[in-house]
Amino acid sequence: MDIQDIIEAILHDRIRITDHADEEAQADRLSYEEIFFSVMRGEVIEEYPTDRPYPSCLIYGESFAGEPIHSVWAYNSETKWAVLVTVYRPDPKRWINWRVRRKR
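Quick caveat, the model's predicted, so the values are computed rather than measured. (Residues numbered from 1 in each chain as written. Predicted model: local features only at pLDDT ≥ 70, side-chain atom pairs only at ≥ 80, totals over all residues. Heavy atoms only, no water.)

Engineer: Explain the nonpolar core residue by residue, including any values.
Structural biologist: Nonpolar side chains tend to gather and get buried jointly when the protein is soluble and globular. If you look at the biggest cluster of nonpolar residues, it comprises 20 residues, and the most contacted ones within it are Ile6, Ile35, Val39 and Trp73. Only helix 1 (3-11), helix 2 (19-27), helix 3 (32-40), strand 3 (56-62), strand 4 (68-76) and strand 5 (81-88) provide two or more residues apiece to this core. If you tally residues by element for this core, the top one is helix 1, at five residues. Within the second largest apolar cluster, five residues are counted, among which are Ile45, Tyr60, Val72 and Trp95. (Core = buried A, V, L, I, M, F, W, Y, C linked by side-chain atoms within 4.5 Å. Buried < 20%, exposed > 50% of the residue type's maximum accessible area, 1.4 Å probe, protein only. Helix = DSSP H or I, 4+ residues; strand = E, 2+ residues; numbered from the N terminus.)

Engineer: Before we move on, could you go through the layout of surface pockets and cite the residues and values that matter?
Structural biologist: By volume, the largest pocket is sized at about 200 Å³. Every residue lining the largest pocket is listed: Tyr88, Arg89, Pro90, Asp91, Lys93, Arg94, Trp95, Arg101, Arg102, Lys103 and Arg104. A breakdown of the residues in the lining of the largest pocket according to their chemical character gives three nonpolar, no polar and eight charged. (1 Å grid on protein atoms, 1.4 Å probe; cavity = no way out; pocket = protein on both sides within 12 Å on 5 of 7 lines; lining within 4 Å. Points joined across faces, edges and corners; volume = space filled by probe spheres on them. Nonpolar A, V, L, I, M, F, W, Y, C, P; charged D, E, K, R; others polar.)

Engineer: Account for the pattern of salt bridges, naming residues and giving values.
Structural biologist: Under the counting rule described, the total for this entry stands at three salt bridges. For the salt bridge of Glu43 with Arg99, the shortest nitrogen-to-oxygen distance reads 3.0 Å. Residue Glu43 is found in strand 2 (residues 43-48), and its partner Arg99 is found in the loop between strand 6 (95-96) and strand 7 (100-101); the two are separated by 56 residues along the sequence. Across the salt bridge formed by Glu46 and Arg101, the nearest N and O atoms sit 2.7 Å from each other. (Salt bridge = Lys/Arg side-chain N within 4 Å of Asp/Glu carboxyl O.)

Engineer: Go over the side chain of Thr18 with me, naming the residues and quoting the values.
Structural biologist: Considering the arrangement of structural elements, one finds Thr18 in the loop between strand 1 (15-17) and helix 2. Its relative accessible area of 18% is what places Thr18 among the buried residues. From its side chain, Thr18 meets the backbone oxygen of Val85 in a polar contact 2.8 Å long. (Polar contact = N/O pair within 3.5 Å; in protein donor to acceptor, adjacent residues only side chain to side chain.)

Engineer: Outline unusual backbone geometry, listing residues and values.
Structural biologist: For residues other than glycine, phi is negative in most cases, and the peptide bonds are mostly trans. Of note, the bond from Arg52 into Pro53 is cis; its omega dihedral lies within 30 degrees of zero at 5 degrees. By the element assignment, Pro53 lies in the loop between strand 2 and strand 3. Positive phi values are uncommon outside glycine, yet Asp13 reaches one of about 55 degrees. Note on placement: Asp13 falls in the loop between helix 1 and strand 1. Owing to a relative accessible area of 59%, Asp13 belongs among the exposed residues under this scheme. One non-glycine residue, Arg29, lies in positive phi territory at about 55 degrees. On the basis of relative accessibility, which here comes to 73%, the residue Arg29 falls in the exposed class.

Engineer: Go over helix 1, please, and point to the residues and values.
Structural biologist: Side chains three or four residues apart in an α-helix point the same way, a direct result of the helix having 3.6 residues per turn. Looking only at helix 1, the buried set comprises Ile3, Ile6, Ile7, Ala9 and Ile10. Down the axis of helix 1, the buried set is contained in an arc of 160 degrees. They therefore lie on one face. Its buried side turned inward, helix 1 meets strand 1, helix 3, strand 2, strand 3, strand 4 and strand 5. Two or three places before Gln4, at the opening of helix 1, Asp2 has a side-chain oxygen 3.0 Å from that residue's backbone nitrogen. After helix 1 finishes, the residue Asp13 shows a positive phi value of roughly 55 degrees. (Arc of directions from axis to C-beta. Contact = heavy atoms within 4.5 Å.)

Below is the structure:
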């Protein structure tokens, strides 16, 4: 999945935000502006090509203050719409450099 597709969807207001993502953003005190900012300068760190109804990916980016943010986005290549599935501040106990999951 190409992060540019998600960035284009954000820039052209072709995004949907799930209720779950909205709840998680509020719980972690993340604004949508901050989430979108993190994607614009972010990178895809995991891809989930078999997700339904659309393939999705995990994006690592940083907040305005340089703090890590993870967001999961699904992308419909036919309509060019993106869906923010979930978003959170990653737990340092579970991630190496915010990009690689620690083995359990």
